[in-house]
Structures are given as C-alpha cells and as structure tokens.
Amino acid sequence: MIKKFKELFKNNPSVFYAMSIAATWAGGNSLIIGMTTAKEAGIVPFILWAIGNTLAPIVFGLLALRIPKMQKVMDSKVIEVFLTILCMFQIWLQMNNIQSILSGTQYISNTTATIIAIGIAIAFVIIFLKNSFPRNVMTDNYGWYIVYFLIIVLMILAFIYSGGKINNLLLGQDKIGDGIKSAILLIPGCFAYPVFWKMLKYNEKNEDEVEKVNIEKCFVYGGLLFGLYLVFVFMLALVSFSPALELMKAILVVIIASSTLSSFIYSLHCYAGKKIGTILSIITIAVWQLFIPLGVLNMWSLMSTVRLYMIIGAVLVAIIWSVAERRKYEQN
C-alpha cells in the first residue's frame, strides 16, 4: 500500500503538492480564528480575512519564481537564521493549539492533551528520519482529505443538532479596516515558509525521480483548496455544538495543526540539514512547556508582523540586486 502511494506521488505529484500547500498553510488556529472572526467581527471582516488567506499561496506561487534573485536572497544566512527561529515558534504554536483545544473539551485533561501534543510532534520527527520531503507531502495530502471529510460531517451534524436555528451574524461594515489589515498581513505569509521554497527546488530537481510539474498551478490550486476549507469554516460559525461535537471539532483542529506542525518540523531540515534539523526539532519539542508561560504566543504576534517587513525587505533587495547586475552587464 505504501509503495502504491509513493508511485502515485511520483507519477502525479500535482494533487499531492496542492493538498500539502493547503494543509501546511492552514495552521491549527485557522478554524477557531475563522469562526471567531465571523461571530464577533462579522461577515465582511471574515470575507476579507478569507480572501487574504486564499491569496497567500497563490501570490507566492505566481511571484516566487518570477522575482529575480529572490531565491538567492531567501537562501542568505540572515534569512535562514530568522526563518529557523520562526519555524521553532511555529512548532510551539501548533503544539499549543493541539494541547489547548483538547484540554478545552470535557473529555481530555490538560496532562493528557500535553502528552498527545508531544507524542504527535515526536512521531513526525521519527517519520522524517528517512525520505523527509516526500513523506511530508504525503502525510499532508492524506491528512487534508481527512480534514475535508471530518469538517463536512461535523457541519452536517452541527446543523442537525442546531435544529434549524443559526447564529445571527453581524455584517461588520464598521470593521472593514481591520479586515483589510488582516488580509494584507496574510498575503505575503507563504514567503516565510521554508517548505514552500523547498517544494520549488524539489520540483526542478529531485533524487526521487518525481515528475516535474507546473508548480505555479499547484500553488494556485492549493490556495483555492484552502479557500474551499474556509467556506466550511464559515458554515460552522452559523451553528451550535454539543459536547460530543466539540470533541469532534477538537479532533479536527488537531489534524489541521498536525499537518502544519509536520511541515515546520521538516522545515528545520531545509536550512540545517537532516541531522541538525532533527536535533533542533527535539530541542524545540523538549522546551515547549518551558517557553509557553513566558509569553511565546504574544511574541509570535510580534514576529508575524516582523515577518511582513522581512519579506518586503527581501523582495526589495532581490529587485535592487537584479537591476544592479543587469546594469553592470549592459555597461560591459
């Protein structure tokens, strides 16, 4: 069965790439943030937030290979160090998403939720000891199929449980500015995902004999697949949940968070190599519970803003570098 999956990936990687892109970009908090935005801010802010999220993979796919020198800038040591630190924060964030959503149910204690989060992270470290990139893509792919299945089932059951009563959502015209700001912050986000840069390089040349495809289309499809997922997220904001359905929603969040978690554990391999990347992953997992009380999540909010300026700066450096090199060539 595993060999069959590998052959499917080798012969037709486009679907695998697109699903992996959607799964990686999702993040464990996307479902909760989306539902909260729709309920508290309103429909218009949710739509703007969803548009920014959907466009992020698409913009990356269309521009990453077209901006001259961009890949070389992203491979610089300064960027590598910054993105490595971001990867560690993302691992902490996804583990925290798993732990908090599970412990928030009536059925799972905080200790059990913590053990589950650590167990999932360690499992991916072990999985990626061999054939890291293909395994990351394949686990993302099948995990995202499960996400679609569960979110549709959860939506149907929640509508049945609500008995035809739906939440009255505000339009939220007064918060359009916040929605636009949120979308702007999201759109360049994929440029700071090492695994996406690895995907571009892997598609050009890889040792696994995986067929080369139109990778730009894969990112466009990945963005659209994520947009489809957000449609279901909006539908969930309209209904209520029983304790059993809350547990089902928690399991859904765990699967979503696990896909992003796996990609950032693998991302530590991208710059540090498999051996050092594995060691960094183990250290990151080991100190997770020590760092969370120190305000890691608040610090992440600051770093996500810094990420925007880093990407803008990297694009400008790449463009200036390219223009300078072209002028030098013309003068000679």
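Asker: Can you break down the nonpolar core residue by residue, with the values?
Answerer: In terms of nonpolar packing, the biggest core is built from 103 residues, with Y17, L31, F60, M70, L83, W144 and Y229 touching the most fellow members. The element contributing the most residues to this core is helix α12 (residues 243-286), with 16 residues. If near-sequence neighbours (up to four positions away) are discounted, M70 is found in contact with A64, F191, W197, A314, V315 and A318.

Asker: Requested: an account of helix α10 (residues 194-204), with residues and values cited.
Answerer: Burial of α10 is extensive: eight of the 11 residues sit out of reach of the surface. Considered for burial, the residues of α10 that qualify are P194, V195, F196, W197, M199, L200, Y202 and N203.

Asker: Could you give an account of unusual backbone geometry, with specific residues and numbers?
Answerer: It is generally the case that most residues other than glycine have a negative phi and that most peptide bonds are trans. The backbone of K69 shows a phi angle near 70°, a positive value even though the residue is not glycine. Following the sequence through the fold, K69 ends up in the loop between α4 (43-63) and α5 (70-74). Even without being a glycine, E209 presents a positive backbone phi close to 60°. Considering the arrangement of structural elements, one finds E209 in the loop between α10 and α11 (215-236). Accessibility expressed as a relative area gives 70% for E209, which makes it exposed.

Asker: Could you give an account of a nonpolar patch on the surface, naming the residues involved and the relevant values?
Answerer: A grouping of I152, I156, L157 and I160 is seen on the molecular surface, where their side chains present a nonpolar patch of about 350 Å² in accessible area. Mapped onto the elements of the fold, I152 is located in helix α8 (residues 132-162). Given a relative accessible area of 32%, I152 falls into the partly exposed group.

Asker: Let's hear about the pattern of salt bridges: which residues, and what values?
Answerer: Taken as a whole, this structure holds six salt bridges when the rule is applied. The salt bridge partner of E325 is K69, with a shortest N-O separation of 2.7 Å. With a gap of 256 residues between them, E325 in helix α14 (residues 296-331) and K69 in the loop between α4 and α5 connect regions that are remote in the sequence. For E325, a relative accessible area of 39% translates into the label partly exposed. When the shortest N-O distance is used, the salt bridge between K212 and E204 registers 3.1 Å.

Reading guide: rules and limits
- Residues numbered from 1 in each chain as written.
- Predicted model: local features only at pLDDT ≥ 70, side-chain atom pairs only at ≥ 80, totals over all residues.
- Heavy atoms only, no water.
- Core = buried A, V, L, I, M, F, W, Y, C linked by side-chain atoms within 4.5 Å.
- Buried < 20%, exposed > 50% of the residue type's maximum accessible area, 1.4 Å probe, protein only.
- Helix = DSSP H or I, 4+ residues; strand = E, 2+ residues; numbered from the N terminus.
- Contact = heavy atoms within 4.5 Å.
- Patch = residues over 30% accessible without salt bridge, like charges linked within 9 Å, V, L, I, M, F, W, Y side chains within 5 Å.
- Areas by Shrake-Rupley, 256 points an atom, 1.4 Å probe, with all protein chains shown as cover.
- Salt bridge = Lys/Arg side-chain N within 4 Å of Asp/Glu carboxyl O.

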